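Summary of structural features
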Amino acid sequence: MNQVENLEYNTERSKLIIPEYGRHFQKMVDHAVSIADNEERNRVAKAIISVMGNLQPHLRDVPDFQHKLWDQLFIMSDFKLDVDSPFPITSKEVLQQRPEPLEYPQNFPKYRFYGNNIKRMIDVAISWEKGDMRDGLEYAIANHMKKCYLNWNKDTVEDVVIFKHLVELSDGLIDLAGGGENLTESGQFLKNRPTKSNRSNTGKKNQRNNNRGKKRY
């Protein structure tokens, strides 16, 4: 009965700082912190590092990994362990410092079905000097815009509409309306669009036909 009363539950124990190492590692670190002799404390700390490295033997001799183990040792001791570390000791304030928030792009294009990459391509085309390469890029952009438009609208679209949108997105710097060249036909984009295969439905139908007339026991 006394043994049952003296049972120690995890809910009554102190919280593990790095749970991956388990309760015994935490007790080893706590014991190292309580050692008064400096030489003995350093010896125990190195022994703990050696055991920690044995958990991942393929990494224990890598210098960067050794630095990580020493950092974890100080973290588990709540930075109370006073030993001679072969690496600079990271302060508690640095580890608890919150990272800077990420800046997410806030782009709200007028024609969202074209996507943000179209605007980037237009900006690149504008930065080029006028010539054959820029003309080819401008018509490639216009054809891609037409393809994106058909994916969204699933119908035909006149080249005049694409040229008008391109003028708006380029702030009037790209105008292909007077170039005299036509874009790829809408039917070509629609023809190249992948269609859903009916193979699975056909296979199920054939399987039902093959099972028809069979005896069932």
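This report concerns the structure included in the present document. (Residues numbered from 1 in each chain as written. Predicted model: local features only at pLDDT ≥ 70, side-chain atom pairs only at ≥ 80, totals over all residues. Heavy atoms only, no water.)

Attention now goes to the overall build of the protein. Each helix and strand counted, the protein has 10 helices and 0 strands in total. In the protein, the order of α-helices and β-strands from amino to carboxyl end is α-α-α-α-α-α-α-α-α-α. Across the 217 residues in the protein, those meeting the buried criterion constitute 27%. At a minimum sequence separation of 6, the contacts of the protein that also span at least 24 residues come to 52%. Of the roughly 16700 Å² that the protein leaves accessible, carbon and sulfur atoms contribute 50%. (Helix = DSSP H or I, 4+ residues; strand = E, 2+ residues; numbered from the N terminus. Buried < 20%, exposed > 50% of the residue type's maximum accessible area, 1.4 Å probe, protein only. Contact = heavy atoms within 4.5 Å. Areas by Shrake-Rupley, 256 points an atom, 1.4 Å probe, with all protein chains shown as cover.)

Between helix α7 (residues 132-153) and helix α8 (residues 159-169), the least distance of the axes is 10 Å, while the angle of their chain directions is 115°. What the angle tells us is that α7 and α8 run roughly perpendicular. The two elements α7 and α8 cross, and the hand of that crossing is right-handed. Residues Glu-138, Ile-141, Ala-142, Met-145, Lys-146 and Tyr-149 of α7 pack against Asp-159, Val-161, Ile-162, Phe-163, His-165, Leu-166 and Leu-169 of α8. Here the contact of α7 with α8 is built from residues that sort into 9 nonpolar, 1 polar and 3 charged. (Axes fitted to C-alpha atoms, helices over the stretch in contact; angles between N-to-C directions. Parallel < 35°, antiparallel > 145°, perpendicular 65-115°, else oblique. Left-handed = near helix turned anticlockwise from the far one by under 90°. Nonpolar A, V, L, I, M, F, W, Y, C, P; charged D, E, K, R; others polar.)

Here the focus is the side chain of Ser-170. Looking at the secondary structure, you find Ser-170 in the loop between α8 and α9 (186-191). Ser-170 sits in the buried class, given a relative accessible area of 1%. Within polar-contact distance, the side chain of Ser-170 engages the backbone nitrogen of Ile-174 at 3.0 Å. Non-local contacts of Ser-170, meaning those with residues more than four positions away in its chain, are made with Ile-122 and Ile-126. (Polar contact = N/O pair within 3.5 Å; in protein donor to acceptor, adjacent residues only side chain to side chain.)

The next thing to look at is the environment of Ile-174. Residue placement: Ile-174 occurs in the loop between α8 and α9. Along the backbone, Ile-174 and Ile-126 are 48 residues apart, and their C-alpha atoms lie at a distance of 7.6 Å.

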